[in-house]
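Residue-level listing of the chains:
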Amino acid sequence: MPAVRRSLVSVGLAVGVPILLVLAWALATQGTQNLYFPTPGKVFDAFTSTWLTGATITKHVLPSLGRFAIGVVLSIVIGIVAGTAIGATPWLRSLLEPMLEFFRAIPPVALVPVIMLILGIDDSMKLAVIVSGSVWPVLLNTIEGVRAMDPVLTDTSRSYRIRGALAYRYFVLPAASPQIMAGVRLCLSIGLILMVISEMFAASSGLGYQILFFQRQYMIAEMWSGIVLLGIVGVAVAAIFQLVERRVLHWYHGSREVSRG
Amino acid sequence: MRTIRPVLGVLGVLGFMVTWEVVARTGVVDPKYVPPFTTTAARLVAELGEPKFWSAFGDTLLTWALGLAIATVAAIVLGAVVGLVPFLRRATHTTVEFLRPIPSVAIIPLAILLAGLSREAALVVVVYAPFWQVFIQVLYGIADVDTVAQDTARSFGLKRRQRLRHLVLPTALPYVITGFRLAASIALVLTITAELIIKNPGLGRQIDLYRSAPDVPGLYALVLVTGLLGLVVNLGTRYAERRLLHWHPSVRKEGVQ
Amino acid sequence: MADKAPLLSVKELKKTYASATGPVEAIGSITFDVHAGELVCIVGPSGCGKTTLLKCLSGLLAPTSGSVRLDGAEVTAPPKKMAVVFQEYGRSLYPWLTVADNVALPLRAQGIGKAERTAAVERAVEEVGLGHAMHKYPWQLSGGMQQRVAIARAVAYQPEVLVMDEPFAAVDAQTRADLEDLVRRVWQDLGVTVLFVTHDIDESVYLGERVLMLTNSPTTIQEDLAIDLPAERDQLSTRALPRFTELRTHVYEQIQRAKRGELVR
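In this text the structure is predicted, and so the values were computed from the model without any measurement.

Enquirer: Could you give an account of the sheet that holds strand E4 (residues 65-70) of chain C, with specific residues and numbers?
Expert: Residue and element names in this part refer to chain C. The sheet built from 10 strands is open, its strands ordered E5-E4-E1-E2-E10-E9-E3-E8-E7-E6 with mixed pairing. Each of the sheet's edge strands pairs with one partner strand only, and the pair in question is strand E5 (73-74) and strand E6 (82-85). Two strands pair when backbone bridges link them, and strand E2 (residues 22-34) and strand E10 (residues 219-226) are joined in this way by 2 bridges, in the parallel orientation. Among the inter-strand pairings, Ser29 is bridged to a residue of E10, identified as Thr220.

Enquirer: Any details on the interface of chain A and chain C? Residues and values, ideally.
Expert: How large an interface is tends to be reported as the accessible area lost when its parts come together. Each partner contributes residues to the interface: chain A has 19 residues there, and chain C has 20 residues. Within the residue set of the side of chain A that touches chain C, elements represented by two or more residues are helix H7 (151-159), helix H8 (164-200) and helix H11 (250-259) of chain A. Top contributing element to the side of chain A that touches chain C by residue count: H7(A), with 6 residues. Split by residue class, the side of chain A that touches chain C holds 10 nonpolar, 4 polar and 5 charged.

Enquirer: Please provide a residue-by-residue account of the packing of H8(A) against helix H10 (residues 220-248) of chain A, values included.
Expert: All names here are of chain A. Interhelical geometry of H8 versus H10 gives an angle of 165° and a closest axis separation of 11 Å. What the angle tells us is that H8 and H10 run roughly antiparallel. For the pair H8 and H10, the crossing hand works out as right-handed. Residue-level contacts link Ser177, Met181, Arg185, Leu188, Leu192 and Val196 of H8 to Leu230, Val233, Gly234, Val237, Phe241, Glu245 and Val248 of H10. Class assignment of the residues belonging to the contact of H8 with H10 gives a composition of 9 nonpolar, 2 polar and 2 charged.

Enquirer: Describe the environment of Pro86(B), with residues and values.
Expert: Mapped onto the elements of the fold, Pro86(B) is located in helix H4 (residues 86-99). A residue is classified by how many C-beta atoms lie within 10 Å of it, and Pro86(B), with 10 of them, is exposed.

Enquirer: Please give an account of the pairing of strand E9 (residues 210-214) of chain C that cites residues and values.
Expert: All names here are of chain C. The buried fraction of E9 is high, at 4 of 5 residues. By the bridge criterion, 4 bridges tie strand E3 (residues 39-43) to E9 in an arrangement that is parallel. Looking at E9, one finds that Val43 is bridged to Met213. In terms of strand pairing, E9 meets E10 through 5 bridges, oriented antiparallel. Bridge pairing in E10 places Arg210 opposite Ala226. Turn length for the E9-E10 hairpin, with the two strands adjacent in sequence and antiparallel, is 4 residues.

Definitions and limits used
Residues numbered from 1 in each chain as written. Chains lettered and ligands numbered in written order. Predicted model: local features only at pLDDT ≥ 70, side-chain atom pairs only at ≥ 80, totals over all residues. Pairing = 2+ DSSP bridges. Helix = DSSP H or I, 4+ residues; strand = E, 2+ residues; numbered from the N terminus. Contact = placed C-beta atoms within 7 Å. Nonpolar A, V, L, I, M, F, W, Y, C, P; charged D, E, K, R; others polar. Axes fitted to C-alpha atoms, helices over the stretch in contact; angles between N-to-C directions. Parallel < 35°, antiparallel > 145°, perpendicular 65-115°, else oblique. Left-handed = near helix turned anticlockwise from the far one by under 90°. Buried ≥ 20, exposed ≤ 12 C-beta atoms within 10 Å, placed from the backbone.

Have a look at this one:
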């Protein structure tokens, strides 16, 4: 197949299949008064009237996304800083590894009541919930990435006396970055989930709170629109991560492509 | 160093327990919110004697196992179908990439709507994310089939079914097993999450009950239990993966693809 | 030459490892001197501890007993005036840095200013013939070119001693010939002292002014041979000399004896 025709088909499939699915959804719900599955049209209307108004954006959407952003940034910073320190010190790693494995195994949602007890139900509690679950992938992956640095490269750095901050910036961090980025990807998805969860408990605003509110009030189309919005947020976060990852790890992808022949 | 490592690990655990005890007893944190470790541990032991604990534990395990099984089987079947038909693969790519990142918690209100506050609703939540995890891994596994090996198989005249069995299956198997390991952890977390929010029977619901009572030592004891359960699942699946894949030249590293 | 103090002095170097089956004596006792400006090759049978010796010489590994002295000072950590070129060039270059940045990094670690650094980097990269590849990444280059980058990095560092650990073992034969000549050229142009470890006997005779032959474990020096070939060498004519053949046969025989565990006195 010539190149142009091929890419046209790809684009067609990429856009076409979702459109077909939406059309199928519309056809299936046409005419019926199904309580749980409103027509796409109704969901779209609900979407625009609920989420695209200025009030909702400032009261619910922006604060939620803000907390998510701050939470994951905190998790990433803590994870990388602590992770490199622990990863570079073998005895410290052996000391902490069992406890870290235990903490990572606790379902983050189980910690929510504990955090609520200690911090109440304000913003700091929501942030703590996000960090309490999303820091582990970054922390543990950073430890692993630092631990598994190529010994030849370590010998090279040592013999050229590359130490301290320079070594950290040009050797340790980049060497561990593929593992760290994999951890960040998990951190982002866990952080998003915890952002929603933190708002489903004893909250009065936020995306998660709103979706649950709609469900309880049987405002089905609005609830669906909320889910769609969360999906869009999830996709957007994933897309942004892809862009950043491709840039940060361009050398990694390049070298792997070469070695794959 | 090799003999010291487990000793250090044990020291670390002990250190954590001691720190917890000291912090709670010296009043650095209000003991009303953080009971000392010894109190929590004693409560944990007491819980193990309660039939209602074991019934909740069993409910959690059942929901987890059911959800994981449904997700895995569905993902393998659908993943195989999509993976082996290049057209389907290209066609469904964008849809998959849109549905995949939807946080599982967003599914919760939908699940409640469809099935009320029941185990069925929880199962919807428990199945969603693990399904995608295994599904993606099946796709990766099938895509990883060596083209040289494929050409060799075809030139030897192997039929489609034989190629599937001798070429695709061994290549995809490590991916599927890794996906299953990751899915098992995610499924457990989602089980507890669902129980906490949907309040179907299980450890999560117990935690919520203790939170609202308020029964603080009981709450902490159950959180410890969920952590230990998660640890057992993580270590168990990792061990199983190592045993099953010890023959495979490349040991999959978690997360880095 | 004998009345000047040696630049590098190794005395009764010994290295023992602890292993699962008991202590392993990798290096028995090694004693030799290297004077400034010499090009010394070290050959030995496989597994004879060449790499261990190198790591002790370059301060990456602490000897069990004995000493290594550079400029009179004992080597306990990687010394400032020594640069190492490793065999695994692919893993020794930082894949996230360009060729220029790779060569510049050790200079940055020394605190050398940007202008001086850039000049040194350009000189070194031109010296090894990679001026056109300054802004490429190591993995975009062939194996031979990557090793040239490693050599450029060592050259820019301006060491007193250049230690090379089987640098051309993983490179194809034609490239190896070019790189051998590059080493001799760099050695002559910069007046640096070179310690060249190899398993290739012909290479050791072609390159070296002296060849140190090692025994099996526990490793000692089988023989310290002076290479009396002309100072101007090239791949075609030097290797065709009858003296070359004599020397390489002698080294080969010694290595075979070393493998069999026969010491020569």
